[in-house]
Amino acid sequence: MANLNSNQLKEYQDQGYLAPIDILSKEEVKEARDEIELIEKEMPDEIDKSERYNAHLISPKLDAIVHNSKLLDAVESIIGKNILVCGTTLFIKNPNQEGFVSYHQDAKYIGLEPHNWVTAWVALTDSNEENGCMKMWPKSHIEIKDHDEKFNEGNLLTRGQTVNDVPDDEVKSVELVAGQMSLHHPRIVHGSGINKSNDRRIGFVIQSYIGTNVKQVLGKNSVQLARGVDEFHHHEIIQRPKSLMNKEDLMIKKRENQYLQDIFYKGSEKKGTY
Ligand SMILES: O=C(O)CCC(=O)C(=O)O
């Protein structure tokens, strides 16, 4: 068992995030990156833009990360022993691209209520100041804040959701070595800058692990059972991938990503890239 100890749990609860936590070996990182890059080569449209979501449904290596027992032990410490996975996102920043993520709170637009959920950001490359690592505003998870929707160029968020006036001197960079992860609270304000390095920055984000009591209030979301028992049956349960880029799994991913688009753009007349 690799449950969080009481100091780690306290830090997560006080600060709104916890990092770094060692999860994957170098081999596991390489296998996952290789599988992402193979999908990008063979089926580029299946893993980019509005299809960057839920790649674990077509990639056994990413699926193995989602169901990694060490990772789930840490998640269990936060949300309890019955755990569902309601989605993943690949946040990839290529060198010489202007991609950034504006400061935002996930809980503002993801539609998961109550906030008995946690997001795991798994580094498949090193992630640091130079290549645009995650930046957290500690203790900002107390309440939901106002967001502007900027739909700005280069913003990797769907609507360019932005919390203004985040105090620079309070923000902390979360530097990770490939194979480590951070865990963040649904209401923590976070964002990231552009990649100024010569390699890709790849974050595989399990967004999110939810307790079985959590509902999707903006639309529909199927889930995988990661651990324990689903006593509430709020969501349709989907299976783990049968094989890499399997036809049936590709169709399930397409359907799930359409549900997500419906959630992300609900009530919006504009549509962004993602
Ligand atoms: O990968 C990034 O830079 C941002 C990711 C993010 O916003 C998230 O995991 O919620």
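Preceding block: the structure.
Sequence order sets the numbering: in each chain, residues are counted from 1 along the sequence as written. Side-chain atom pairs in this predicted model are given and counted only at pLDDT of 80 or more, local residue features only at pLDDT of at least 70, and totals for whole chains, interfaces and linings cover all residues. No hydrogens and no water enter the side-chain calculation; it runs on all heavy atoms of the structure.

(A) Structural detail: the layout of surface pockets. A pocket, in this scheme, is an open set of points on a 1 Å grid over the protein atoms alone with protein on both sides within 12 Å along at least 5 of 7 lines, while a cavity is a set where a 1.4 Å probe fits but cannot get out; residues line either one if an atom lies within 4 Å of a point. Grid points are joined across faces, edges and corners, and a volume is the space filled by probe spheres set on the points. Taken as a whole, the largest pocket holds about 420 Å³ of empty space. As for the largest pocket, its lining consists of 19 residues, and the residues nearest its centre are Asp48, Ile92, Asn94, Gln97 and Tyr274. It is strand 3 (residues 88–93) that contributes the most residues to the lining of the largest pocket, three residues altogether. Under the scheme applied, nonpolar residues are Ala, Val, Leu, Ile, Met, Phe, Trp, Tyr, Cys and Pro; charged residues are Asp, Glu, Lys and Arg; polar residues are all the others, including Gly. For the lining of the largest pocket, the class distribution of residues is six nonpolar, five polar and eight charged. Secondary structure is summarised from DSSP: a helix means a run of H or I of at least four residues, a strand means a run of E of at least two, and numbering begins at the N terminus for each.

(B) Just the site of the ligand, in detail. Around the ligand there are 13 residues in total, and Trp121, His190, Ser192, Arg201 and Gln207 lie nearest to it. Under this definition, polar contacts are N or O atom pairs within 3.5 Å; protein pairs additionally need one hydrogen-donor-capable and one acceptor-capable atom, and for neighbouring residues in sequence, both atoms have to be side-chain atoms. A distance of 2.9 Å separates an oxygen atom of the ligand from a polar side-chain atom of tryptophan 121. Taking serine 192, its side chain carries an N or O atom lying 2.5 Å from an oxygen atom of the ligand. The protein chains hide 100% of the 290 Å² of surface that the ligand would expose on its own. Applying the majority rule of atoms within 2 Å of the grid points places the ligand in the second largest cavity. The set of elements that each furnish at least two residues to the shell around the ligand consists of strand 3, strand 4 (101–104), strand 12 (189–192) and strand 13 (201–211). Of all the elements, strand 13 adds the most residues to the shell around the ligand, at three residues. When its residues are assigned to classes, the shell around the ligand shows five nonpolar, five polar and three charged. Neighbouring residues are identified by heavy atoms, a residue being near a molecule or strand if any of them is within 4 Å of it. Note on areas: Shrake-Rupley, 1.4 Å probe, and residue coverage restricted to the protein chains presented here. To qualify as sitting in a cavity or pocket, a molecule needs more than half of its atoms within 2 Å of the grid points.

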